[in-house]
Amino acid sequence: MAAKRGPNPRPGILDIAPYVPGTSALPGAGKAIKLSSNETPLGPSPRAIEAYLAEAAHLSRYPDGSARPLREALAQRYGLDAARIVCGAGSDELLNLLAAAYLGPGDEAIYSEHGFLVYRIAILAHGATPIVAPERDLTADVDAILARVSDATRMVFIANPNNPTGTYLSFDEVKRLHAGLPAHVILVLDAAYAEYVRANDYEAGIELVATSENTVMTRTFSKIYGLAALRLGWAYCPAPIADALNRIRGPFNVTGPSIAAGVAALQDEKHMQEAVEHNAVWRGYMAEQLERIGLRVTPSAANFLLVHFPEGDGKSAREADKFLHHHRIILRRVEEYGFPDALRMTIGNEPENHAVLEALSEFMGAA
Ligand SMILES: Cc1ncc(COP(=O)(O)O)c(C=O)c1O
């Protein structure tokens, strides 16, 4: 296409499909039940809210440029080296910083078939080529990923557990993937939902980051800590990668109120454990009940369920979505993830979960 007069973005930028977040509101008056963005039904720790509010007295001051209090709190909580932690405006920023530092035209980066969409955007935004590896049983397939590694590969992104499938790779599989990658390829383990996993064979990635030169783990305060609005994430990196990210990030990329809320959230272990417990109980219950009314649910290790609808007999995901909106319930359409026949449901609080079950029972004719 001929360049237009006036400023033009770099080649490829306009080929990027913008990320479309889940629906967050419905037309008309009245409250809606929003289970479309994997937010926690328990909200943040009251201590985090208090710490956030206390920062209102210091809004004229720049925050600590390296988010030091938060890095130190994270280091203490997880037994890490604070110098190798980089904080960001959500893990989204860190995924983009990794791409900015290590990907460019001619480079390839691999992610799996139903992987989190931000990877594709971050790869394309920096002029690199996305390579998609097929999955097996809606789970990242280590062999398929390794088979796609070429001389041009620079990065592999794995969400573990993955959004929107909820499936995860065992630590043995992650280690096998890492072992098969050349030393110059960075393995990005996006562990946004790590806290929710209750499987003995799972590791978020700390050990692999600690023992290798080419693994990065990203984490977020948006999910279990209930601080999505503050945009707060962190990455644990080998020292040279932390150094590269620190050179290109904004000098004050994390706000003071976010740092304070993050530190306080980490101190409230009880609140976090309640969120883990709530999720485990309701995730199991909801999966069982949804199956009971005739829907197929992908086994999930995270705080959401991928719910599959029958094709073409008036019970499609599109029709279910419409029906749920009519009942003022918002789940997440997942067509752009390759699932035209599914909806993703975040585990809500008790009344929200029951409302979904009631509405879907009626929809499926099983009430
Ligand atoms: C797999 C995965 N990674 C990263 C993120 C981004 O989280 P953050 O709010 O920290 O940018 C999400 C959010 O939905 C996610 O599902």
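Worth saying up front: this structure is predicted, and the values here are computed from it rather than measured.

Visitor: Can you walk me through unusual backbone geometry in this structure?
Guide: Backbone phi values are negative for most residues with the exception of glycine, while trans is the configuration of most peptide bonds. The linkage connecting Asn 160 with the following residue, Pro 161, adopts the cis geometry, with an omega of -5 degrees. Mapped onto the elements, Pro 161 comes out in the loop between strand E7 (153–159) and helix H6 (171–180). Residue Asn 163 is joined to Pro 164 through a cis peptide bond whose omega torsion reads 15 degrees. Inspection of the secondary structure assignment puts Pro 164 in the loop between E7 and H6. Unusually for a residue other than glycine, Ala 67 sits at a positive phi of about 55 degrees. Among the structural elements, Ala 67 can be located in the loop between helix H1 (46–54) and helix H2 (68–78). A positive phi angle, close to 55 degrees, is found at Asp 137, a residue other than glycine. Take Asp 137: it is sitting in the loop between strand E5 (135–136) and strand E6 (139–140). Given the relative accessible area of 68%, Asp 137 is considered exposed.

Visitor: Looking at this structure, how should I read the packing of H2 against helix H9 (residues 256–267)?
Guide: The relative placement of two packed helices comes down to the angle between their axes together with the axis-to-axis distance. Two elements in contact, H2 and H9, have axes whose closest approach is 9 Å; the angle formed by their N-to-C orientations is 15 degrees. In terms of their interaxial angle, H2 and H9 are classed as roughly parallel. Between H2 and H9 lies a crossing of left-handed hand. Together, Pro 69, Leu 70, Ala 73, Leu 74 and Arg 77 of H2 and Ile 259, Gly 262, Val 263 and Leu 266 of H9 make up the contact between the two elements.

Visitor: How do you make sense of the packing of aromatic side chains when you look at a structure like this?
Guide: Note on aromatic pairs: each is described by the distance of the centres and the angle between the planes. Under the definition given, this model contains eleven aromatic pairs. Measuring from centroid to centroid gives 5.7 Å for Phe 116 and Tyr 119, while their planes differ by 80 degrees, and the two rings are edge-to-face. There is no split in this pair, since Phe 116 and Tyr 119 are both buried. Pairing Tyr 119 with Phe 157 gives two aromatic rings, centres 4.8 Å apart and planes at 10 degrees, and the pair type is stacked.

Visitor: It is not clear to me how the site of the ligand should be interpreted in this structure. Could you clarify?
Guide: Taken together, 13 residues lie near the ligand, and Ser 91, Asp 190, Tyr 193, Thr 220 and Ser 222 sit nearest. Between the ligand and Lys 223, the relevant distance is 2.9 Å, taken from an oxygen atom to a side-chain nitrogen or oxygen of the residue. Broken down by element, the residue count for the shell around the ligand peaks at three residues, all from helix H3 (residues 90–102). A breakdown of the residues in the shell around the ligand according to their chemical character gives four nonpolar, five polar and four charged.

Visitor: Whenever I open this one, the sheet that holds strand E15 (residues 339–346) confuses me. Can you help?
Guide: What holds strands together in a sheet is hydrogen bonding between their backbones, with the strands either parallel or antiparallel. Pairing in this open sheet of four strands is antiparallel, and the strands run E11-E12-E15-E14 from one edge to the other. Every other strand in the sheet has two partners, leaving strand E11 (296–298) and strand E14 (332–334) as the edge strands with one partner each. Neighbouring strand axes in the sheet, compared pairwise and without regard to direction, differ in orientation by 35 degrees on average. Across three bridges, E11 lies against strand E12 (residues 304–308) in antiparallel orientation. Directly across from Thr 298, in E12, lies its bridge partner Leu 306. This element, helix H10 (residues 269–292), spans E11, E12 and E15 of the sheet and lies at about 10 degrees to E12.

Each value, and the rule that gives it
Sequence order as written defines residue numbering, which begins from 1 separately in each chain. In keeping with the model being predicted, local features are shown solely for residues with a pLDDT of at least 70 and side-chain atom pairs are shown and tallied solely at 80 or more, while totals for entire chains, interfaces and linings include all residues. Hydrogens and water are ignored here; the side-chain numbers use all heavy atoms of the structure. Only DSSP runs of H or I with at least four residues qualify as helices, and only runs of E with at least two residues qualify as strands; both kinds are numbered from the N terminus onward. Burial here depends on accessible area, computed with a 1.4 Å probe over protein chains only, as a share of the maximum for the residue type. Under 20% is buried, over 50% is exposed, and the range in between is partly exposed. Axis geometry follows a simple rule: fit a line to the C-alpha atoms, using only the stretch in contact for helices, then measure angles between N-to-C directions, giving values from 0 to 180 degrees. We call two directions roughly parallel when the angle between them is under 35 degrees, roughly antiparallel when it is over 145, roughly perpendicular when it lies between 65 and 115, and oblique otherwise. With the far helix as reference, a near helix turned anticlockwise by less than a right angle produces a left-handed crossing, and one turned clockwise produces a right-handed crossing. In this description, contact between two residues means that some pair of their heavy atoms is separated by no more than 4.5 Å. Aromatic rings from Phe, Tyr and Trp, with only the six-membered ring used for Trp, were paired whenever their centres fell within 6.5 Å, and each pair was classed as stacked if the ring planes differed by under 30 degrees, edge-to-face if by over 60, and tilted otherwise. What makes a residue near a molecule or strand is one non-hydrogen atom of that residue sitting within 4 Å of it. Nitrogen and oxygen atoms within 3.5 Å of one another constitute a polar contact, given that in protein one can donate a hydrogen and the other can accept it, and given that sequence-neighbouring residues count only through two side-chain atoms. Gly falls in the polar group here, along with every residue not listed as nonpolar (Ala, Val, Leu, Ile, Met, Phe, Trp, Tyr, Cys, Pro) or charged (Asp, Glu, Lys, Arg). Paired strands, in this sense, are two strands between which DSSP finds at least two bridges.

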